[in-house]
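The chain contents come next:
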Amino acid sequence: MNKVSYLGFLGLLVIMGPLTGNPGFYGFFGFFGFLSALGGSGTDERIENNVNRSCRNSFLLMTVTMSLSLVYVVTAASIHLLPLVFAFLFVGSMVTFVISYLYYDRRGD
């Protein structure tokens, strides 16, 4: 089983949308796309390497932007922006992972 397919289970957070009345949870529908990796015939070494490199890119983006954004939020005394910053960081890390994975997969090494 491909480890990327476990991201599809984050799509179940969509259930929280109607329960809490918060439309922000409907964005988790996008994670159901990762469930398509469940039907694969397993993983090989190249896929493992691509996932690892994509995770590295996402982690580096998250670390750098998190530290910079927290410094900004603290120095600008705009604590009301903190939830928005966390949301953008989460979306940015997911997008970075997917784009990096597609890039490494198409490059083929």
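Residues numbered from 1 in each chain as written. Predicted model: local features only at pLDDT ≥ 70, side-chain atom pairs only at ≥ 80, totals over all residues. Heavy atoms only, no water.

Draft legend 1. Expanded view of the overall build of the chain. Counting secondary structure elements, the chain contains 3 helices and 0 strands. Listing every helix and strand of the chain by position from the N terminus yields α-α-α. Considered along the principal axes of its C-alpha atoms, the chain spans approximately 50 × 35 × 15 Å. Counting over 109 residues, the chain shows a buried share of 27%. (Helix = DSSP H or I, 4+ residues; strand = E, 2+ residues; numbered from the N terminus. Buried < 20%, exposed > 50% of the residue type's maximum accessible area, 1.4 Å probe, protein only.)

Draft legend 2. Structural detail: the pattern of salt bridges. Tallying each qualifying case throughout the model produces 1 salt bridge. Here R46 ties to D105 by a salt bridge, and the two come within 2.7 Å at their closest N and O atoms. Of this pair, R46 sits in helix α2 (residues 45-75) while D105 is found in helix α3 (residues 82-107), placing the two residues 59 residues apart along the sequence. For D105, a relative accessible area of 30% gives the class partly exposed. (Salt bridge = Lys/Arg side-chain N within 4 Å of Asp/Glu carboxyl O.)

Draft legend 3. Representation of the confidence of the model for the chain. In the predicted model, the chain carries a mean pLDDT of 84, and 94% of its residues have values of at least 70. Element-level pLDDT for the chain is lowest in helix α1 (residues 16-20), with a mean of 80, against a maximum mean of 90 in α3. (pLDDT = per-residue confidence, 0-100.)

Draft legend 4. Expanded view of the side chain of R53. For R53, the position within the fold is in helix α2. Beyond its immediate stretch of four places on either side in the chain, R53 contacts Y104, R107 and D109. (Contact = heavy atoms within 4.5 Å.)

Draft legend 5. Examining the environment of C55 more closely. Structurally, C55 is set in helix α2. The sequence separation of C55 and L19 amounts to 36 residues, and the corresponding C-alpha distance is 32 Å.

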